[in-house]
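Below are the chains, spelled out letter by letter.
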Amino acid sequence: MFSTVLIANRGEIALRVARTCRELGIRTVAVYSDADRDSAVTRVADECVRIGPAAPRRSYLNPAAIVTAALQVGADAVHPGYGFLSEDPDFAEICAAEGLTFVGPSAPVLSRLGDKAQAREIARRAGLPVLPGSPEPLETVEQAKSVAASIGYPVIIKAVAGGGGRGMTVVRDPRELPRAYVEARAGAQVAFGDPRLYAERYLDHARHIEVQILGDGEGGVVHLGERDCSVQRRRQKLVEETPAPGLPRELADRICAAAVHSASELHYPGAGTYEFLVDRDGGFYLMEVNCRIQVEHPVTELVTGVDLVREQLRVAAGDGLSVRQRDIVPRGVAIETRVNAEDPARGFLPTPGVLDEFAPPGGPFVRVDTHARPGMRVTADYDPLLAKVAVWAPDRRQAIARADRALGEFHVTGKGMRTTRDFLRGVLENPAFRAGKHTTALVDEMSTGGDR
């Protein structure tokens, strides 16, 4: 196992990684920007290194600064968390060149799966169902028009280097396509440093189902069940749960088997997530593969008892997985809600500011992953996530009640600050959600008062 791990991230995920490292007896090094000088992880880590100003491009997205910090402190591994550089093949390659173990897939695997268009083609060749779309990145508006016409509207234009729900634009009218293409290309360049786009058919009223896998890097892969992530705003998740409610067990098993088969073919190492869309007829289609720990990993940990970060570290250190498929027996239901500093009444606009009060919930079977505290400034430089509230219960009815109770206890105030707390409670009360019949259209339906 490693002696020193540098955590190349911030916020709750940095703290989450540090805690597992501490339990394993691994020394931790936290990096921080000027905005995070007094962050939660800097108080827990054994050593801290400043890597730049608040702007992500000059700190958490700066490979040179992070690798230099790792070498200075004698780290032997770098854990990237999620977001930022977690799926950047160049960063993984630089780490390897400098003798640092990147806790995640190798640069070649990241290159193949991080390129969403290439990942689609890999999946198709492996026999996984994919939605009709462009087999390679789009070069021109005219090519985009041709692809859209062939697969039918609505279509969704995606950034090849995108992820986490970003870099996606839905086009319902052919007249909207030229403008959408130009804007999406410019946005992809700004967000990911890569303007390439691809297109595929867009499914209205679909279920978003994902499968958590762990691979040993030698072809051995296990899955830890499926998660439903259909409650989304702007195609970014707000509520996640496992198992997926209302999904026939036979269909869920087929989706999990497809993910394991693909990951085994790739000799996938560590934690990864296969994300699928499921249509009204039970057809499922691979969207993308995320080569990192997911924001929503706590729900899987709650029902399986498996520490996913620990397994990541084991595989990266060459110790292999500690679990086999027969060891993974999910129990009960877990639901996670994301409390963001956003105003749902204004299209989920971020509301940065200083936290005057911050009192997260507690009680039996409630897990709160957070880095926030009273007096902390929530800046516009980073994702507005304040906390993830995850609950476990023996069945879904009790899990919904526990999630609502926990959110009701959550108290956050700050000048000009709004949060998603009350909106999330509204989701939990929604009849379609309670019946397990909600789709990716739920948030829009709640915002407009009915079906689109």
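Remember, predicted model here, so these are calculated numbers, not experimental data.

## Points about the overall build of the protein chain
- Looking only at helices and strands, the protein chain features 15 helices and 22 strands.
- Its C-alpha atoms give the protein chain a radius of gyration of 21 Å, near enough to 22 Å, the size a compact globule of 452 residues would have.
- Oriented by its inertia axes, the alpha-carbon framework of the protein chain measures out at about 55 × 50 × 45 Å.
- Mean positive and mean negative side-chain charge positions of the protein chain (56 and 60 charges, respectively) differ by 3 Å.

## Overview of the pattern of salt bridges
- Following the criterion strictly, the structure yields 41 salt bridges and no others.
- Close ionic contact of Asp204 with Arg172 constitutes a salt bridge, the shortest N to O distance being 2.9 Å. Pair noted here: Asp204 is in the loop between strand 8 (197-201) and strand 9 (207-216) and Arg172 is in the loop between strand 7 (166-171) and helix 8 (177-192), with a separation of 32 residues, a long-range link.
- Within the structure, one salt-bridge network assembled from shared partners comprises Glu210, Arg227, Lys237, Glu240, Glu275, Glu296 and Arg338.

## Describing the sheet that holds strand 21 (residues 385-393)
- With antiparallel pairing, 8 strands are arranged side by side in an open sheet as 13-12-9-10-11-14-21-19. With one partner strand each, in any of the chains shown, strand 13 (284-290) and strand 19 (366-370) form the two edges of the open sheet. With strand direction ignored, the average angle separating the axes of adjacent strands in the sheet is 25°.
- As judged from the 6 bridges shared by strand 9 and strand 10 (residues 221-233), these two strands associate in the antiparallel manner. Among the inter-strand pairings, Gly215 is bridged to a residue of strand 10, identified as Val221.

## A closer look at the state of the cysteines
- Using the criterion set out here, one finds 0 disulfides in the structure.
- Left without a disulfide partner, Cys21 is nearest to the cysteine sulfur of Cys48, which lies 14 Å away.

## Observations concerning the pairing of strand 12 (residues 269-278)
- Most of strand 12 sits inside the fold, with 10 of its 10 residues counted as buried.
- Pairing analysis gives 10 bridges linking strand 9 to strand 12, with the strands arranged antiparallel. Among the inter-strand pairings, Leu214 is bridged to a residue of strand 12, identified as Ala271.
- Pairing between strand 12 and strand 13: 6 bridges, direction antiparallel. In the strand pairing of strand 13, Tyr274 is matched with Val289.

## Focus on helix 13 (residues 421-429)
- The set of residues buried in helix 13 consists of Phe423, Leu424, Val427 and Leu428. Buried residues in helix 13, looked at end-on, bunch into an arc of 150°, giving them a common side. Turned more than 90 degrees away from the buried face of helix 13 sit Asp422 and Glu429, all of them exposed.
- Where helix 13 is buried, its residues meet strand 10, strand 11 (236-242), strand 14 (333-340), helix 12 (396-409), helix 14 (431-434) and helix 15 (442-448).

Scoring rules and cut-offs
Within each chain, residues carry numbers counting from 1 in the order of the written sequence. Residues qualify for local features only when their pLDDT is at least 70, as the model is predicted, and side-chain atom pairs are given and counted only at 80 or more; totals for whole chains, interfaces and linings, by contrast, use all residues. Excluded from the side-chain calculation are hydrogens and water; included are all heavy atoms of the structure. A helix here means a DSSP run of H or I that spans at least four residues, while a strand means a run of E at least two residues long, and both kinds are numbered starting from the N terminus. As a reference, a globule follows 2.2 Å times the number of residues to the power 0.38, and the radius of gyration itself is taken over C-alpha atoms. Note that His is not counted, nor are the chain ends; the positive residues are Lys and Arg, and the negative ones are Asp and Glu. Charge positions are represented by NZ for Lys, CZ for Arg, CG for Asp and CD for Glu. Salt bridges are defined by distance alone: a side-chain nitrogen of Lys or Arg within 4 Å of a carboxyl oxygen of Asp or Glu. When DSSP locates at least two bridges between a pair of strands, those strands are taken to pair. Here, axes are lines fitted to C-alpha atoms. For helices the fit covers the stretch in contact, and angles between N-to-C directions go from 0 to 180 degrees. We call a pair of cysteine sulfur atoms a disulfide whenever their separation is within 2.5 Å. Relative accessibility under 20% of the residue-type maximum defines a buried residue, over 50% an exposed one, and the middle range a partly exposed one, all with a 1.4 Å probe and only protein chains included. Arc definition: directions from the helix axis to the C-beta atoms. In this analysis, two residues are considered to be in contact whenever any of their non-hydrogen atoms come within 4.5 Å of each other.

Distances and angles like these do not, on their own, reveal function.
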